[in-house]
Amino acid sequence: MTWFAAVARLRARREPGVLVTVATVRGHAPRDAGAKLVVGRSGTWGSIGGGNVEAVAVDRARELIASSQREPELMDFALNDKVTGRHGVQCCGGAVSVLLEPLPVARAVAIFGVGHVGMELARILARQDLDLHLVDSRADMLAQERLAALADAVAQVHVHHTPLLPEEVLAELPPGTHVLIMTHDHAEDAALCDAALRADHLGSIGLIGSAAKWARFRRRLATEGGLDEATIDRIKTPIGLADVTGKEPATIAVSVAADLLRAFEREDA
């Protein structure tokens, strides 16, 4: 398997990894600069030459995976008989630098409701490196010609048409998915809020709408749903930046996207 196929496999499986590249070579070394190795939790693909260099790089890569580190690292190796490595001696006579680049699991975002605001938001988030799930009960909102604007997306876009019970999609979403609820139907929104709060694998939950809408939802979640205040408080509403007050769909979408990206940065910090 090629290294880029291995990276694609890890991403599809939502597994973290590390891309290891021979960055520089001075003198003799087992592999030339540019040789690559992909390291996962339990497997490796490709090679940077074997021996101590590769074994130490694999060990360090798995430490990076375990610590969820996102910053790349550079490791230097002298290949001579005077240097004993953790896994033995390599006496090729040269020296190599190896770059380790963490491949974190891509973040996932689900937009429930791909109407005017939802579509504008999808256009923005599609430019980010994430898994983007678009969910709507209306087939025309997910028509191929309407989603053509996302054809060059950086994100991996997943489309879910659920004409009856959109909340069933919640169970299919990967762990940590950030959920944004903005359907055309307040009944759908309410059902999604209730179901999302009962799911223990999701990330943040955001709801679009007015204070009056949320007050009604909050009462129903407490009285009919039997949910406690702490659980209900997991829902953030209104969503977006408080100081952006425009009501045009594109303006709302920019505000919501900016708020979400800021939350991602806080997570990284």
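Residues numbered from 1 in each chain as written. Predicted model: local features only at pLDDT ≥ 70, side-chain atom pairs only at ≥ 80, totals over all residues. Heavy atoms only, no water.

A. Focus on the overall build of the protein chain. A tally of regular secondary structure across the protein chain gives 7 helices and 11 strands. Scaling as 2.2 N^0.38, a compact globule of 269 residues should have a C-alpha radius of gyration of about 18 Å, whereas the protein chain reaches 24 Å, well beyond that. Overall, the C-alpha framework of the protein chain stretches about 75 × 40 × 35 Å when taken along its three principal axes. Counting the 269 residues in the protein chain, one finds 43% classified as buried. Sequence-distant contacts in the protein chain: of pairs separated by 6 or more residues, those separated by 24 or more amount to 63%. Counting every atom, the protein chain has about 13,700 Å² of accessible surface; 52% of that belongs to carbon and sulfur. In the protein chain, the 29 positive side-chain charges and the 35 negative ones have mean positions that sit 2 Å from each other. (Helix = DSSP H or I, 4+ residues; strand = E, 2+ residues; numbered from the N terminus. Rg over C-alpha atoms; globule rule 2.2 N^0.38 Å. Buried < 20%, exposed > 50% of the residue type's maximum accessible area, 1.4 Å probe, protein only. Contact = heavy atoms within 4.5 Å. Areas by Shrake-Rupley, 256 points an atom, 1.4 Å probe, with all protein chains shown as cover. Lys, Arg positive; Asp, Glu negative; His and termini not counted. Charge placed at Lys NZ, Arg CZ, Asp CG, Glu CD.)

B. Main features of the sheet that holds strand β11 (residues 235-236). On the basis of which strands lie adjacent, the open sheet formed by 6 strands has the order β8-β7-β6-β9-β10-β11 and parallel pairing. Strands at the two margins of the open sheet, each flanked by one partner only, are β8 (156-161) and β11. In terms of strand pairing, strand β6 (residues 107-112) meets strand β9 (residues 178-181) through 4 bridges, oriented parallel. When the bridges of β9 are listed, F112 appears paired with I181. (Pairing = 2+ DSSP bridges.)

C. Local environment of the packing of aromatic side chains. Tallied over the entire structure, the rule returns 1 aromatic pair. If you follow K36 out to its NZ or CZ, it ends over the ring of W3, 5.2 Å from the centre. (Phe/Tyr/Trp six-rings, centres within 6.5 Å; stacked < 30°, edge-to-face > 60°. Lys NZ or Arg CZ within 6 Å of the ring centre and 35° of its normal.)

D. Molecular detail of helix α7 (residues 249-268). In this model α7 runs 29 Å from its N-terminal to its C-terminal C-alpha over 20 residues, within 8% of the 28 Å that 1.5 Å per residue would give. Of all the positions in α7, only A253, S255, V256, A257, D259, L260 and F264 are classed as buried. In this structure, the buried residues of α7 make contact with β6, α3 (116-125), β7 (130-136), β9 and β11. (Expected span 1.5 Å × (residues − 1).)

E. Quick look at the pattern of salt bridges. Counted under the stated rule, the structure contains 16 salt bridges. A salt bridge links K236 to D259, with the nearest nitrogen and oxygen atoms 2.3 Å apart. Remark: D259 occurs in helix α7 and K236 occurs in strand β11; sequence separation between them is 23 residues. The class of K236 is partly exposed, set by a relative accessible area of 40%. Between D259 and R262 there is a salt bridge whose closest N-O contact spans 3.5 Å. Of this pair, D259 and R262 both sit in helix α7, 3 residues apart, which is roughly one turn of that helix. (Salt bridge = Lys/Arg side-chain N within 4 Å of Asp/Glu carboxyl O.)

F. Region of interest: the packing of α3 against α7. Remark: α3 packs on α7, axes separated minimally by 8 Å, with the N-to-C direction vectors making an angle of 50°. Viewed along their axes, α3 and α7 adopt a mutual orientation that is oblique. The element α3 and its partner α7 pack so that their crossing is right-handed. Between α3 and α7, the residues in contact are H116, V117, E120, L121, I124 and L125 and P249, A250, I252, A253, V254, V256, A257 and L260, respectively. (Axes fitted to C-alpha atoms, helices over the stretch in contact; angles between N-to-C directions. Parallel < 35°, antiparallel > 145°, perpendicular 65-115°, else oblique. Left-handed = near helix turned anticlockwise from the far one by under 90°.)

G. Layout of the nonpolar core. Residues L121, L132 and L134 are the most contacted members of the largest nonpolar core, which totals 25 residues. Where this core is concerned, the elements lending two or more residues are β6, α3, β7 and α7. Excluding residues that lie within four positions of it along the chain, L121 makes contacts with I111, L180, M182, A253, V256 and A257. In terms of nonpolar packing, the next biggest core, distinct from the first, is built from 23 residues, V135, L170, V179 and L192 among them. (Core = buried A, V, L, I, M, F, W, Y, C linked by side-chain atoms within 4.5 Å.)

H. Representation of helix α4 (residues 186-198) in the model. Here α4 spans 19 Å end to end across 13 residues, near enough to the 18 Å set by a 1.5 Å rise per residue. Every buried residue belonging to α4 is among E188, D189, A190, L192, C193, A196 and L197, and all of these are buried. In the core, the buried residues of α4 are packed alongside β6, β9, β10 (205-207), α5 (211-223), α6 (229-232) and β11. The backbone nitrogen of A187 has a side-chain oxygen 2.8 Å away, supplied by the residue at the start of α4, namely D185. (Polar contact = N/O pair within 3.5 Å; in protein donor to acceptor, adjacent residues only side chain to side chain.)

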